[in-house]
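What follows is the residue order along each chain.
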Amino acid sequence: MSATDDERTKEEAPENVEEVGNPLVVDAHITLPNKTVVLVPALSAAETIASIRQILGEFQETAAFTSYDLHLVGTVGADGVTTDADVACPEFAELATLVQDDTTTLLFNLTAVDYNLKKVQDHLKRTNEVLQNPPALKGAISTKKDSQQASAESKADNALPKADDLFKPIDFGAFYGEVLYRTGDVEAVTKSGRMATNKPIVEAIKSVFASGWNPPPPQRKLRGDLLYIEVVTANEGTLYITAVPSGFYLNKSNRAHFDATPATNHCFSHELLETLLKASATLKAAWASAVTARPTTAGSAVEESSPMDVMAWLYSQGRGHQAADSGLAKPQWNAYNTDAYKNFLEGTEATSARSVDSTAQHAYNLFRTQTELSSLQGVPELGAPREWNDEIQSIRGLKASDVNERVMKAKLEYKVLSEFAAACRATSMAITEGLIAPLSFGDPSQSEIYVYNGIFFSKAEDSKDSFKICNGDEAYKKSTSRELQNQRLIRSLDIDGVGTILCATIDYKGQRIIGQSIIPGIFAQGENVARLMYGILEKEKILTVKNSSLKLMQSVCEKLYIPTRTAPLYPFGQPAAAVEETKAAPAEGEEAVASGNMLDEAQGSAIKVDAEDNIATGDATSTPFTGPIEGKVLRGSDGRDYLLEMMRLTPRDANFVRGDKGTAKVAALEGTDADLAVTYVLRPELVNLFVQRKLNLSRQKIMQEAAATQKELLAAETAKVLEAAKDKTEAEREALAATVPTLDEETMARLTTEYTTKMRDITVASLDFTINPNVFLDFQIDVDATVVQKDEDQARELAVFLWETVLPAVTKQVRDGDIQVKDNASMVKLLHRNGVNMRYLGQLATLAAAEEVDDEKLLSEGKQKVHAMPFFWREMLTVEVIARAVKHVLNSLFKKEGVFNAPAQTVASLLNHIVSVLVAPVAKTATPAETTAAVAATGKNSKKNKKGGKAEPVAAAVVPAAKVDDKLPIFVSPDGASSREEILRAVQETLVTRFCVSLPLLAGAADASEEAKAAEGAATTFLQTRLSPIVVVRRIAQVCGIQIATRKYDFTAEVVFHAADIVSLIPIMKTCEPDVILPEFHEMLESAQSFQQEGNHAYAYEMAQQALNTITQITGPYHVHAAHAVDQVGNVLIAAGDYAAAEQYAQKSLAISLQLHGFDSQECVLQHVKMGVLESELGHRAAAAKHFLSAKYILQVATGDRHSELSTVFTRLARLYDEAGDFEAVWQCYVKAKFHTSDLMQICTLNIELASACSRNGHLIEALELQRQAYSMLRELVGDKEEAQLGEIKNTLEQYLRAVNEEKQASMDQVNERLEAMTAKMGQAKLQGKQGETNSVVTTAPLNDDELLKAFAEIDARNKKAAKNAAKKSNTKAKK
């Protein structure tokens, strides 16, 4: 940071940012029972003792410790003085209570604690984990050696890859080599010696498990025996161990004889691992070889190896799951190939799924079996069910007076949310697999409900008895997804008194499971039951609206532009049986049986409905109402009000409303699912865009009005001046007319005040904008028909705005290069941010296709737009729509008999069917037998054959890719997708019903019109030539939760995917975690960005670091928000010019992105490009090229070969090769860069850069032509607007022209010189003539062709050598 930056004071910070106290950072020295001291570095004082225990679990010296206490025995101050202490430290004690302002180090003693049975079981589990995956870090304090030697050696080699390697087609079998091992240096970690390999240990100890002699007999329990353990070793046989409160020892038992007393060589130790090391010489040697490495401290870990290096090393050791917390990391769609590192080193490719087939790696392990069979399915331990709702509501109810307290509150809330999500995931999978029994025995499957671990679970399937406004399983699924989003939205409003439940949805094996925290009293009986405060439970019941709940709902709906309407008490019509009854609400204490969701499915429970505090009383027929009609407010037995079933907070999408009430924009509306269309609502983001547009238009109108008023006043002033000039002379009148009239200060002040007030008065409230979520539904939403009409008109206006404004605007932004998504997941997020639902993918693809047709038409006329439509956009849209259609088809296949429990072959066949339409069919060469059969079938030969000649060749039928892998018997691997026609027709129909997209996956009717056949042919060509099969398969796998083998697939083979290629199914989960965890965090990031833009790098860095420290306290390092903060710190360092420090943060960002989003995500592309740029700035060309190549590979796997970002990557590579002096690679990279861009301005820039490279390498004619093209193109694009830029390009063009002329002159002089020498040698006359005038040579005795060629060859060789020397000098000068 510069001195100027440091001088900027903190008073320059935005007023809305509350300063967070930066917590003190200290080290911890922990003395073990064997007197070894380990270091836990850089602990925040805001952390707890539990954080230290967690870090100790990652050290080789302490990983096996589970039953111990930490005791503070002293502190070290900044002056180095040690102060004695004697403090017992419970697990959740904060370090802040142990430190002073000047404390730098805390001194702890680790003391062993006796075991009980639960602790022994936990210890056994931990020991197995340590033996399978030895900890990566050493914690012992020791002298640091040359920690950066390996890293320095790896970066010293600046040799770039061969040019041919840049342009090879992607090899999917080399996936992990390209995205992991290319940039992660395994050897650097190996040489550093700080990582422990697990292979010798796994070979030494076969299995550690609970013995068959358990449980201990009563008399042995009284002696202290807790558990008996068996250990199967490689060389020492089976060891029998007794666990007692003080530790573990070898006993005298064997498989046939029980004797739990200590053996002669009992090897007693408090830790089981230490007992095993004493008992097994083989294990001791294996452990020593694994962990005996060059000593380093934990604090030097970052200095030694980058996070990418460590991750690559872990994967190379088969321990990739240790690279990230499984609860946070996003599972990769393609399974890791255990031979990936070997293949990368050897340059070979994986061609089979054997190395990723779990059966090949499945070792015999009784402990794993015992653990799996005794799993509690998401419950950490036995005990009372967890009160999730009470926990989260208590945390949300905490009063936080300052930002530090709000950080702690957010941390507690995030912890509960994360644990709830993990519990829902585990339990939902167990429910799907049938491991947990439902509560509703004997009921149909769609009514199955579950209560487990204090969480209510139900299946997202339509229930016959539930209150609903839409029908069908798919409609109900969509409604549950919408409710989850709305619960998050309501929670983000943070309104006092508004309660929201914890909820999550999990999609697994075609089923959607909903998990919800239980509202107190909802399953109770008697007086202590939940009470309906707002809403309706059944269609035939009266609408309940209480005063307090109406105010609560209005506080929520006002922020969402939802108005209060006057609804009839019976919105769905009064039932016939109730006509003669009173219209008043149910009598006090009346109970209504709930049905549907948590309300719908709780059979036998009751929700109290009473008349107390009802707004509608007596003979009232209507009541004020706001929000969705199915929305409810329930008051739990805890007295809190909870909002439930808020499935619609925006109106139905009028574009998908049939009849006169719709917009008639969607041409294929009749082919859509009418029941599903009821759930199609507009996104809240669209509403916000619409409101902002109305505000901008209103303000623009005021500005135009102000300009018109000012113009009128100025005209009046001008008229006054001219009137006064009548009596003047002609010269005076001309002088007055030339004077520009101005308004006096008083008038200007009045106008400024008037229109400033008008601008200030334009607010959302002044717009009178409201949206009713109940429009276009089959019930009465208001007693006033005019109000209903107004609400419907507003909903139609929103839908038209989406169709006519937003969709074309998104398409234009893509064309102009303002939007450049780099994978489908990021494309979906971008569309959602712009208020676009996925059902509009088809319309976006249609708009993109129309743009491509316009571009093609212009090209045929010799014209081109400045920004042509990039090809990747339409391709990505089509890939997304196909993947989503396949997901729905696969979900239906899971319902087939036998498929649910053995889906591998069905999934493989489904993928084969889809791939078959993406690859052009290949005609086989007919065999002699096929030819004979064809001739016999026709009954005749060709004319030529009749005359005795050879028969005409008969081609075999065109064979599409086969779909069925019939190597396994049907009872082993049932195939529910064996019919290609059936599957493709189902996908084709889903494309129409859900996305209004017509793709001819199957051949059309033979009698179709020529126009239809032409359209079908064009679509088929698009699928087979524009879509990459691996891109489509990748997105299908991501959307459907399929994990496939990573190997090289032959997409032209008869069977592409086999059952063995389907590795696993991954549950896809959505949670209620809010988008904004802590508002202050986002304010800090915005402040950092603002100060960075102003050039105040010191304060920007401080704010970014503050944001990073704050969010890390809440979520830990592996979270999207933490990744943004790390990225922002790096950006500030880049802006300040500190590339070395920025490179370290970029490495962290890349590692976090890999774990959160996957190896082939947009985030990884961005981070690889950033790393490439930083390595280039630091002079590490080889490292930079590796990152650029990884980015290139990811783009090709995720989007295909036509993405515009590839142009950027090739441009960066060209500059690297230009620095290295490899002109051939430079030329090829620039050509590729121009091929991948559709922006004429960028092509001009690339031409200029390539011309410069040509000039430096002696290719002046090429440089001249490229510069001329750039000048002509740019002049046509910008005209005379950019005179300075055009002038600079023109000057360079003239320099190239002079250089070419000089080269020609020099070459001709060399030709004459050579010819003179040759003619003299041959004894012929000298050359005559004036070359300067005629630019030609004349000889009295012309040379023959061979001699001329030889002369020019020598001259050309001399020129090339001179040009190469000149280029080297130029490069050296440029570097200096």
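Look above for the structure.
These lines cover the structure that appears in this document, whether it is placed above or below. Each chain carries its own residue numbering, running from 1 in the direction its sequence is written. Where local features are concerned, this predicted model is filtered to residues with pLDDT of at least 70; where side-chain atom pairs are given and counted, the filter is 80 or more; whole-chain, interface and lining totals use all residues. As a rule here, side-chain values cover all heavy atoms of the structure and leave hydrogens and water aside.

1. Let's talk about the overall build of the chain
And step 1. Secondary structure follows DSSP: runs of H or I at least 4 residues long count as helices, runs of E at least 2 residues long count as strands, and numbering of each begins at the N terminus. Secondary structure summary: the chain contains 48 helices and 26 strands in total.
And step 2. When each of the 1376 residues of the chain is scored for burial, the buried share is 49%.
And step 3. Residues count as neighbours in contact if any of their non-hydrogen atoms are within 4.5 Å of one another. Counted over contacts in the chain with a minimum sequence separation of 6, partners at least 24 positions apart contribute 71%.
And step 4. Using a 1.4 Å probe, accessible areas were evaluated by the Shrake-Rupley method; residue-level cover was limited to the displayed protein chains. Surface summary for the chain: the accessible area is close to 64400 Å², and the carbon and sulfur share equals 52%. The classification of residues rests on relative accessible area computed with a 1.4 Å probe and restricted to protein chains. Under 20% of the type maximum is buried, over 50% is exposed, and intermediate values are partly exposed.

2. Observations regarding empty space enclosed by the protein
And step 1. In the cavity and pocket records, a cavity denotes points on a 1 Å grid over the protein atoms alone where a 1.4 Å probe fits but cannot get out, a pocket denotes an open set with protein on both sides within 12 Å along at least 5 of 7 lines, and lining residues are residues with an atom within 4 Å of a point. Grid points are joined across faces, edges and corners, and a volume is the space filled by probe spheres set on the points. Scanning all chains against the criterion turns up eight cavities of 30 Å³ or more.
And step 2. Lining the second largest cavity are eleven residues, and of these T480, E483, C503, I514 and Q516 sit closest to its centre.
And step 3. Those elements giving two or more residues to the lining of the second largest cavity turn out to be α18 (473–493), β12 (503–508) and β13 (511–517).
And step 4. At four residues, the largest contribution of residues to the lining of the second largest cavity is made by α18.
And step 5. Note that Gly is not counted as nonpolar here; it falls among the polar residues with everything else outside the nonpolar set of Ala, Val, Leu, Ile, Met, Phe, Trp, Tyr, Cys and Pro and the charged set of Asp, Glu, Lys and Arg. In terms of residue class, the lining of the second largest cavity is built from five nonpolar, five polar and one charged.

3. Describing the nonpolar core
And step 1. Formed by 257 residues in total, the largest nonpolar core has its most connected members in L831, W873, I1044, F1057 and L1213.
And step 2. For L831, the contacting residues outside a window of four places in its chain are V810, V836, M838, L841, L844 and W873.
And step 3. Nonpolar core, defined: a set of buried Ala, Val, Leu, Ile, Met, Phe, Trp, Tyr and Cys residues in which side-chain atoms within 4.5 Å join the residues together. Counting 33 residues, the second largest nonpolar core, distinct from the first, contains L131, L239, L272 and A279.

4. Section: helix α44 (residues 1240–1256)
And step 1. Relative to the 24 Å expected for 17 residues at 1.5 Å per residue, α44 spans 24 Å between its end C-alpha atoms, a close match to the ideal helical length.
And step 2. Among the residues making up α44, those that are buried are L1240, I1243, C1244, L1246, N1247, E1249, L1250, A1251, A1253 and C1254.
And step 3. The definition of a polar contact used here is a pair of N or O atoms within 3.5 Å, where within protein one atom must be able to donate a hydrogen and the other to accept one, and adjacent residues in sequence count solely through side-chain atom pairs. For α44, the N-terminal cap is D1239; the gap from its side-chain oxygen to the backbone nitrogen of M1241 is 2.9 Å.
And step 4. Taken from the residues just after α44, G1258 is the one with a positive phi, measuring 85 degrees. A helix is expected to span 1.5 Å multiplied by its residue count minus one.

5. Points about the packing of helix α39 (residues 1139–1157) against helix α40 (residues 1162–1177)
And step 1. Contact geometry of α39 with α40 gives a least axis separation of 9 Å together with a crossing angle of 160 degrees. In this view, α39 runs roughly antiparallel relative to α40, as classed from their interaxial angle. In this structure, α39 meets α40 at a crossing whose hand is left-handed. Mapping the contact onto sequence places Y1139, A1142, E1143, A1146, Q1147, S1149, L1150, S1153, L1154 and H1157 in α39 and E1163, C1164, Q1167, H1168, K1170, M1171, L1174, E1175 and E1177 in α40.
And step 2. Of the residues that constitute the contact of α39 with α40, the class distribution is eight nonpolar, six polar and five charged. For helices, the fitted axis covers only the stretch in contact; all axes are lines through C-alpha atoms, and the angles between them, taken along N-to-C directions, range from 0 to 180 degrees. Orientation is classified from the angle alone, with under 35 degrees giving roughly parallel, over 145 giving roughly antiparallel, 65 to 115 giving roughly perpendicular, and any other angle giving oblique. Two helices cross in a left-handed way if the nearer one is turned anticlockwise from the farther one by less than a right angle. They cross in a right-handed way if the turn is clockwise.

6. Quick look at a nonpolar patch on the surface
And step 1. Together, L398, M408 and L412 give the surface a local cluster of nonpolar side chains, amounting to about 220 Å² of exposed area.
And step 2. Structurally, L398 is set in the loop between α16 (388–396) and α17 (403–432). Like charges are joined within 9 Å and nonpolar side chains (Val, Leu, Ile, Met, Phe, Trp, Tyr) within 5 Å, but only among residues with over 30% relative accessible area and no salt bridge; these make up the patches. Only one rule defines a salt bridge in this text: a Lys or Arg side-chain nitrogen within 4 Å of an Asp or Glu carboxyl oxygen.

7. Observations regarding the pairing of strand β8 (residues 238–244)
And step 1. Judged by how many residues are buried, β8 sits mostly within the fold: six of seven residues are covered.
And step 2. Pairs of strands are assigned from DSSP output, requiring at least two bridges between the strands. Alignment of strand β7 (residues 227–233) against β8, held across six bridges, turns out to be antiparallel. Within the sheet, the bridge partner assigned to L227 lies in β8 and is A243.
And step 3. The antiparallel hairpin formed by β7 and β8 contains four residues in its connecting segment, where G237 sits at a positive phi of about 75 degrees.
And step 4. Note: β8 against strand β9 (residues 247–250), four bridges, orientation antiparallel. Pairing of I241 across the sheet is with L250, part of β9.
And step 5. The turn linking β8 back onto β9 is made up of two residues.

8. Observations concerning the sheet that holds β12
And step 1. Ordered by their spatial adjacency, five strands build an open sheet running β10-β11-β13-β12-β26, and the pairing between neighbours is antiparallel. Looking at strand neighbours, the two that pair on one side only are β10 (449–452) and β26 (1068–1071), the edges of this open sheet. Adjacent strand axes in the sheet meet at a mean angle of 20 degrees when their direction is disregarded.
And step 2. Relative to the sheet, α18 contacts β11 (455–459), β12, β13 and β26, its axis offset from that of β13 by approximately 35 degrees.

9. A word on the side chain of N251
And step 1. Mapped onto the elements, N251 comes out in the loop between β9 and α9 (272–279).
And step 2. Classification of N251 as buried rests on a relative accessible area of 9%.
And step 3. Separated by 2.7 Å, the side chains of N251 and T242 make a polar contact.
And step 4. Sequence-distant contacts of N251, that is, excluding residues within four places in its chain, are made with Y228, Y240, I241, T242, D259, A260, T261, P262 and A263.

10. Observations concerning helix α3 (residues 117–132)
And step 1. For α3, built from 16 residues, the straight-helix expectation of 22 Å at 1.5 Å per residue is met to within 8% by its first-to-last C-alpha distance of 23 Å.
And step 2. Residues V120, H123, L124, T127, N128, V130 and L131 constitute the buried set of α3. Mapping the buried residues of α3 onto a view down its axis gives an arc of 160 degrees, with all of them on the same face.
And step 3. Put simply, N116 is the residue that caps the front of α3, since its side-chain oxygen is 3.2 Å from the backbone nitrogen of K118. Here the arc refers to the directions that run from the helix axis out to each C-beta atom.

11. A few points about the sheet that holds strand β6 (residues 205–210)
For sheets, the rule is that strands pair by backbone hydrogen bonds, running either parallel or antiparallel.
And step 1. As summarised here, the arrangement of the four strands in space is β6-β7-β8-β9, forming an open sheet in which the pairing is antiparallel. Since the sheet does not close on itself, it has two edges, and those belong to β6 and β9, each with one partner. Adjacent strand axes in the sheet meet at a mean angle of 25 degrees when their direction is disregarded.
And step 2. Docked against the sheet, α3 engages β6, β7, β8 and β9, running at close to 165 degrees with respect to β6.

12. Overview of the packing of aromatic side chains
Each aromatic ring pair is summarised here by two numbers: the centre-to-centre distance and the angle between the ring planes.
And step 1. Only rings of Phe, Tyr and Trp enter the pairing, Trp through its six-membered ring, and a pair is recorded when the two centres are within 6.5 Å. The plane angle decides the type: under 30 degrees is stacked, over 60 is edge-to-face, the rest tilted. In the structure shown here, the tally under the stated rule is 30 aromatic pairs.
And step 2. An angle of 80 degrees between the planes, with centres 5.0 Å apart, marks the rings of Y176 and Y336 as edge-to-face. Of the two residues, Y176 sits in helix α5 (residues 175–181) while Y336 sits in the loop between α12 (307–316) and α13 (340–346), which places them 160 residues apart along the sequence.
And step 3. Classification of Y336 by relative accessible area gives buried; the value is 17%.
And step 4. An angle of 65 degrees between the planes, with centres 5.5 Å apart, marks the rings of Y561 and F769 as edge-to-face. Taken together, the residues Y561 in the loop between α19 (547–557) and β16 (565–568) and F769 in the loop between α25 (764–767) and α26 (785–816) connect sequence positions 208 residues apart. Across the pair, exposure class does not vary: Y561 and F769 are buried alike.
And step 5. One aromatic cluster in this structure is built from F172, F175, Y176, Y315, W333, Y336, Y1049, F1051, F1057, F1159 and Y1193.

13. Points about unusual backbone geometry
And step 1. The step from N214 to P215 runs through a cis peptide bond, and the omega angle for that step is -10 degrees.
And step 2. Within the secondary structure, P215 sits in the loop between β6 and α8 (218–221).
And step 3. The phi dihedral of A42 is positive, around 50 degrees, even though this residue is not glycine.
And step 4. Residue placement: A42 occurs in strand β2 (residues 37–44).
And step 5. Here the phi dihedral of F776 falls at roughly 60 degrees; this positive angle occurs in a residue that is not glycine.

14. Overview of the environment of K252
And step 1. Within the secondary structure, K252 sits in the loop between β9 and α9.
And step 2. A relative accessible area of 43% places K252 in the partly exposed class.
And step 3. Residues K252 and H266, spaced 14 residues apart in sequence, show a C-alpha to C-alpha distance of 9.1 Å.

15. Observations regarding the pairing of strand β19 (residues 622–625)
And step 1. Side chains T623 and F625 of β19 all project onto a buried face; the interleaved residues S622 and P624 project onto a face where none is buried.
And step 2. Where β16 and β19 come together, four bridges link them in antiparallel fashion. When the sheet's bridge partners are listed, R565 is paired in β19 with F625.

16. Comments concerning the pattern of salt bridges
And step 1. What the rule picks out here adds up to 54 salt bridges.
And step 2. R565 is paired through a salt bridge with D791; the nearest N and O atoms lie 2.8 Å apart. A residue pair is termed long-range when its members are at least 10 positions apart, and R565 in strand β16 and D791 in helix α26 qualify at 226 residues. Just as R565 is buried, D791 falls in that class too.
And step 3. Here K758 ties to E705 by a salt bridge, and the two come within 2.9 Å at their closest N and O atoms.

Read these as layout, nothing more, since geometry by itself doesn't imply function.
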